[in-house]
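Read off the chains here:
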Amino acid sequence: MPVSRSRLVRIRALGAAGAVLLAALALPRTAAGADESAAPTVPPRGSAHMGMGVLAHDGQAGLPTARSTQTEGVDVSSHQGNVAWPTLWNSGVRWAYAKATEGTYYTNPYHSQQYNGSYDVGMVRGAYHFATPDTASGAAQADYFVDRGGAWSADGRTLPGVLDIEWNPYGDACYGKSASSMVSWIRDFLDRYRARTGRSAVIYTATSWWQQCTGDYAGFASTTPLWIARYASTVGDLPAGWDTYTMWQYTSTGPTVGDHDRFNGTLDRVQAFAAGS
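Keep in mind the model is a prediction, meaning the values are calculated, not measured. (Residues numbered from 1 in each chain as written. Predicted model: local features only at pLDDT ≥ 70, side-chain atom pairs only at ≥ 80, totals over all residues. Heavy atoms only, no water.)

Digging into the overall build of the chain
(1) Moving on: Within the chain, the regular secondary structure consists of 9 helices and 9 strands.
(2) Moving on: Here the chain, with 277 residues, has 48% of them falling under the buried criterion.
(3) Moving on: Element-wise, carbon and sulfur atoms account for 52% of the exposed surface of the chain, whose accessible area totals about 12,400 Å². (Helix = DSSP H or I, 4+ residues; strand = E, 2+ residues; numbered from the N terminus. Buried < 20%, exposed > 50% of the residue type's maximum accessible area, 1.4 Å probe, protein only. Areas by Shrake-Rupley, 256 points an atom, 1.4 Å probe, with all protein chains shown as cover.)

If you want it as structure tokens, here you go:
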């Protein structure tokens, strides 16, 4: 910042103190002596999306082979913008999830195009919530989600809402919570979602995150469907308690949109799951 001539005279009159002040004024307008290039890059709030931490933490190890007993799906967020749903439908995609909300501070501006656009081409579709357990309670985030696109209806074309619980892109991987506190937060969300909609929400997670941040808690498996994230030819080990999965996100580099998934069943099972059976 330039210093005026009159101000410079007054500062120099201060002697040694003035010299210190001049040195401070000569520094960049960031923290004194800070190396801006060394600061970690933190994405803006609201930009998180399903699976954004999988490659960095678990890597990628191949792709699954095609199975007639599995049904292709995709998941999208504002990261994809307006989605070419007819192209995806023509490629064999039959179900989709669109991000609706994050925390209690963000709603996906593309949610309507993504949620309704997938429905309009014939897909079975649902919505997901990116959890930020360090910003608000589980119940508050469930309410925010339900009120902004995450509700469920028994029309046979609407899938139950999803709690996307994974690595924190904005800070500590476990959001600063102990394993027991994280389990309590997740239970808080699930209980409120069930009370509001009559359906059990799906948990989307990766096994390694679940082990790290919940202590590999097994207590949700009997009532909560699992959407597992693993970019490999097989799903590998599942979190404790689950002996099978409902959905599997297997890549972030698929055609048309990156995030592609498999439902563990044929299309009639996708439709039955949407209907609540």
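Here the narrative resumes.
Structural notes on the side chain of Asp261
(1) Moving on: Inspection of the secondary structure assignment puts Asp261 in strand β9 (residues 260–263).
(2) Moving on: Buried charge Asp261 goes without a salt bridge, the closest partner of opposite sign being Arg262 at 9.3 Å.
(3) Moving on: Among the polar contacts listed, one links the side chain of Asp261 to the backbone nitrogen of Asp75, at a separation of 3.3 Å.
(4) Moving on: A polar atom in the side chain of Asp261 sits 3.2 Å from the side chain of Trp227.
(5) Moving on: Those residues in contact with Asp261, other than ones at most four positions away along the chain, are Thr71, Glu72, Gly73, Val74, Asp75, Trp95, Trp227, Trp248, Gln249 and Tyr250. (Lys, Arg positive; Asp, Glu negative; His and termini not counted. Salt bridge = Lys/Arg side-chain N within 4 Å of Asp/Glu carboxyl O. Polar contact = N/O pair within 3.5 Å; in protein donor to acceptor, adjacent residues only side chain to side chain. Contact = heavy atoms within 4.5 Å.)

Some remarks on the pattern of salt bridges
A side chain with one charge may pair with a side chain of the opposite charge, provided their charged atoms come close.
(1) Moving on: One pass over the structure, following the stated rule, counts 7 salt bridges.
(2) Moving on: The shortest N-O distance in the salt bridge between Asp147 and Arg196 comes to 2.7 Å. Taken together, the positions of Asp147 in helix α6 (residues 138–150) and Arg196 in helix α7 (residues 179–197) put the pair 49 residues apart, joining distant regions of the chain.
(3) Moving on: Here the salt bridges do not stand alone but share partners, grouping Asp143, Asp147, Arg192 and Arg196 into one network.

Topic: unusual backbone geometry
(1) Moving on: Despite not being glycine, Tyr175 shows a phi value in the positive range, around 60 degrees.
(2) Moving on: Summarising the element assignment, Tyr175 is placed in the loop between β5 (162–164) and α7.
(3) Moving on: Residue Thr256 is not a glycine yet carries a positive backbone phi of 70 degrees.
(4) Moving on: Note on placement: Thr256 falls in the loop between β8 (247–251) and β9.
(5) Moving on: You can call Thr256 partly exposed: its relative accessible area is 47%.

Description of helix α5 (residues 111–120)
(1) Moving on: Buried within α5 are the following residues: His111, Gln114, Tyr115, Gly117 and Ser118.
(2) Moving on: Residues of α5 that are buried in the fold lie against β1 (71–76), α4 (85–90), β2 (95–102), β4 (124–130) and α6.
(3) Moving on: A positive phi of about 115 degrees marks Gly122, the residue just after α5.

Considerations on α7
Two residues of an α-helix separated by three or four positions point the same way, owing to the 3.6 residues in each turn.
(1) Moving on: If you check α7, its first and last C-alpha atoms are 27 Å apart, about what 19 residues at 1.5 Å a residue would give, namely 27 Å.
(2) Moving on: Looking at the buried positions of α7, the neighbouring elements they touch are β4, α6, β5, β6 (202–205) and α8 (207–214).
(3) Moving on: In the stretch just after α7, Gly198 is the one whose phi turns positive, near 80 degrees. (Expected span 1.5 Å × (residues − 1).)

Some points on the layout of surface pockets
(1) Moving on: The space that makes up the largest pocket amounts to roughly 270 Å³.
(2) Moving on: In terms of lining, the largest pocket is formed by 15 residues, of which the most central are Pro225, Thr246, Phe263, Arg269 and Phe273.
(3) Moving on: For the lining of the largest pocket, the residue count by class is 6 nonpolar, 6 polar and 3 charged. (1 Å grid on protein atoms, 1.4 Å probe; cavity = no way out; pocket = protein on both sides within 12 Å on 5 of 7 lines; lining within 4 Å. Points joined across faces, edges and corners; volume = space filled by probe spheres on them. Nonpolar A, V, L, I, M, F, W, Y, C, P; charged D, E, K, R; others polar.)

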